[in-house]
Amino acid sequence: MRDFQQFYIDGQWVDPVTPNTQAVENPATEETIGHISFGTAADVERAVAAARRAFESWSVSSREARLDLMRAIASEYDKRREDLALAISDEMGAPMSLANGAHTALMAGHLQTAIEILESFEFERRDGPTLHIYEPIGVVGMITPWNWPLNQIACKVFPALATGNTMILKPSEIAPFNACIFAEIMDAAGVPAGVFNLINGDGMGVGTAISGHDEIDMVSFTGSTRAGIAIAANAAPTVKRVAQELGGKSPNIILDDSAFAQSVARGTTAMMGNSGQTCTAPSRMLVPHARMEEAKVAAKEAAEKVIPGDPKGNATIGPVVSRAQFEKIQGLIEAGINEGATLVAGGAGKPEGLETGHFVRPTVFADVTNDMEIAREEIFGPVLAILGYEDYDDAVRISNDTEYGLASHIMGEDLDTARALARRIRAGRVAINGGYDMNAAFGGYKKSGNGREWGRFGFDEFLEIKAVMGYE
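Scoring rules and cut-offs
Residues numbered from 1 in each chain as written. Predicted model: local features only at pLDDT ≥ 70, side-chain atom pairs only at ≥ 80, totals over all residues. Heavy atoms only, no water. Helix = DSSP H or I, 4+ residues; strand = E, 2+ residues; numbered from the N terminus. Rg over C-alpha atoms; globule rule 2.2 N^0.38 Å. Buried < 20%, exposed > 50% of the residue type's maximum accessible area, 1.4 Å probe, protein only. Contact = heavy atoms within 4.5 Å. Areas by Shrake-Rupley, 256 points an atom, 1.4 Å probe, with all protein chains shown as cover. Lys, Arg positive; Asp, Glu negative; His and termini not counted. Charge placed at Lys NZ, Arg CZ, Asp CG, Glu CD. Phe/Tyr/Trp six-rings, centres within 6.5 Å; stacked < 30°, edge-to-face > 60°. Lys NZ or Arg CZ within 6 Å of the ring centre and 35° of its normal. Polar contact = N/O pair within 3.5 Å; in protein donor to acceptor, adjacent residues only side chain to side chain. Salt bridge = Lys/Arg side-chain N within 4 Å of Asp/Glu carboxyl O.

Student: Tell me about the overall build of the protein, residues and numbers included.
Tutor: From N to C terminus, the protein includes 14 helices and 23 strands. Taking 2.2 N^0.38 as the reference for a compact globule, 472 residues should give roughly 23 Å; the C-alpha atoms of the protein span a radius of gyration of 23 Å, in line with that estimate. In terms of overall dimensions, the protein has a C-alpha envelope of 65 × 60 × 40 Å along the principal axes. Buried positions account for 58% of the 472 residues belonging to the protein. Within the protein, contacts between residues separated by at least 24 positions form 74% of all contacts whose residues are at least 6 apart in sequence. Summing over all exposed atoms, the protein offers an accessible surface of approximately 18,100 Å²; the carbon and sulfur share of this is 49%. In the protein, 41 side chains carry a positive charge and 63 a negative one; their mean positions are 3 Å apart.

Pasting the structure below:
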């Protein structure tokens, strides 16, 4: 049983202004595994005051001081990696193989990437007679989700820290313990008081106070498009910078070539990872109409190899994060059936033998059309929709026929064709055959958000630009 009912503010663990204890559930067992306290606007006020004080000195700290701190964080992180993996598995249901793998590796990767970029980052650049100075934006409010919690904390905190900003983090109340352990890591590494602050709570109590606060210079948010719209509206009167990574409904164009069956299988397996709870998941698979039956066979075989079950055992995927998520996913599976899509694998209800826990059957629909609800809505569960296309022009048209534009995927042997298609897709990321890069820009077009994270693009996000003309 974990207990984190204090907040980390101004270099100390402090009691909330108004106690409000809330339970945290393990989605695999539906049992309470610990407690946090929900904060209020009064707690945000304390954190903002601390962050503003700290900004005066941290904003002018040397590159060497920042590098020393980040290397100390890396050392402390290594000591707590197993603790973090266990917390993630307990609170959001990730299998231990995934929690000990990608979940914790991503945070380590973002930290190392930030260190490498900071070592040579140019904070001053001469352009003819003008000197451009890149300065920290100020106090940053960070609101992060539960699905890849360490990743989203890391790709905000480390670039902001490296560029001289101070910050207030509100992690998801559904999966908060990993963030509390992270705060302990920051404290042990010697982060100066007020530079990093953490307040637990919900969107109404803490998120609203952060996004609307006139002494917070920027809000960086990752979550649903619905919540992002509300945050942007709340932030508008203060004219602060708002960076958002929101929802997605990513296409995966399977090329018409000899690797077709293998590509379909890879795409199906990729969709099911993290129980489908990934904003960039390849949730709309596009295949040639003439090969739809072949795709059904390959996808069914791949989906049946995905085994839901106990995250502490040998399961491929764990539960989805909450009862609310489970019920939403079930409703969308029923919608797919009612709209006439062909159910290839899985379906409604829980997997056999898993009556306790929010487990979802790995599900594949085929013969989907892009006007169906399962092709339009972000399901955020292990549910794949397979759509047919006539030719590559049609595949691009279907890919772009969505309100989202976070990511897309292309799989096949013909790299020239894949590269040409990638240029035509309206999305912030295109992964060819699962390509991956910690330095690649991350962010979306359209209703998938604005701004970019990861690599040097994450540094730019937290900087103001001052032009000193007549410098030369």
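Text resumes after the structure shown.
Student: How would you sum up the environment of phenylalanine 7? Please name residues and give values.
Tutor: Residue position: phenylalanine 7 is located in strand 2 (residues 7–9). Using a relative accessible area of 0% as the deciding quantity, one classes phenylalanine 7 as buried. Sequence spacing of phenylalanine 7 and alanine 47 is 40 residues, and the spatial spacing of their C-alpha atoms is 9.5 Å. Not counting residues up to four positions away in its chain, the partners in contact with phenylalanine 7 are Gln12, Trp13, Val14, Pro16, Ser37, Phe38, Gly39, Asp43, Leu198, Ile199 and Asn200.

Student: Which residues make up the packing of aromatic side chains, and what values go with them?
Tutor: All told, the structure shown has 12 aromatic pairs when counted by the stated rule. Relative to phenylalanine 182, the ring of phenylalanine 158 lies with its centre 5.9 Å away and its plane at 65°, an arrangement referred to as edge-to-face. Of this pair, phenylalanine 158 sits in helix 4 (residues 149–162) while phenylalanine 182 sits in helix 5 (residues 177–189), and the two are 24 residues apart along the sequence. Given the relative accessible area of 1%, phenylalanine 158 is considered buried. A relative accessible area of 0% means that phenylalanine 182 is categorised as buried. With 5.9 Å between their ring centres and 80° between their planes, tyrosine 436 and tryptophan 454 make a pair best called edge-to-face. Of this pair, tyrosine 436 sits in the loop between strand 20 (429–432) and strand 21 (445–446) while tryptophan 454 sits in the loop between strand 22 (449–450) and helix 14 (455–461); the two residues are 18 residues apart in sequence, bridging distant segments of the chain. An aromatic cluster is built from Phe4, Tyr8, Trp13, Phe158, Phe177, Phe182 and Phe196, whose rings are joined through pairwise contacts. Stacked on the ring of phenylalanine 123, the Lys or Arg arginine 66 has its end atom at 5.8 Å from the ring centre. Above the plane of the ring of phenylalanine 457 lies arginine 456, whose end atom (NZ or CZ) is 4.4 Å from the centre.

Student: Let's hear about unusual backbone geometry: which residues, and what values?
Tutor: Positive phi is not limited to glycine here, since valine 239 has a value of about 50°. Here valine 239 lies in the loop between helix 7 (225–235) and strand 12 (241–245). Assessed through its relative accessible area of 73%, valine 239 is described here as exposed. One non-glycine residue, aspartate 367, lies in the positive phi region at around 55°.

Student: An account of the side chain of serine 322 is needed here, citing residue identities and associated values.
Tutor: With respect to the secondary-structure elements, serine 322 resides in the loop between helix 9 (292–304) and helix 10 (323–338). Given a relative accessible area of 15%, serine 322 falls into the buried group.

Student: Before we move on, can you summarise the side chain of threonine 268 with the specific residues and values?
Tutor: One can find threonine 268 in helix 8 (residues 260–272). Residue classification places threonine 268 among the buried positions, given a relative accessible area of 0%. Among the polar contacts made by the side chain of threonine 268, one reaches the main-chain carbonyl oxygen of valine 264 at a distance of 2.8 Å. Residues within four places of threonine 268 in sequence aside, it is in contact with Met285, Ala299, Ala302, Ala303, Val364 and Leu384.

Student: Outline the pattern of salt bridges, supporting the account with residue identities and numerical values.
Tutor: Any two side chains of opposite charge can pair, so long as their charged atoms come close to each other. This model, assessed by the stated rule, comprises 29 salt bridges. Ionic pairing is found between glutamate 135 and lysine 466, a salt bridge with its closest N-O pair at 3.1 Å. Of this pair, glutamate 135 sits in strand 7 (residues 130–136) while lysine 466 sits in strand 23 (residues 463–468); the two residues are 331 residues apart in sequence, bridging distant segments of the chain. Arginine 419 serves as the salt-bridge partner of aspartate 416, at 3.5 Å between the closest nitrogen and oxygen. Linking aspartate 416 with arginine 419, this pair stays in helix 13 (residues 415–422), spanning 3 residues, or about one helical turn. Judged by relative accessible area, which is 58%, aspartate 416 ranks as exposed. Through salt bridges with shared partners, a single network forms among Arg2, Asp90 and Lys312.

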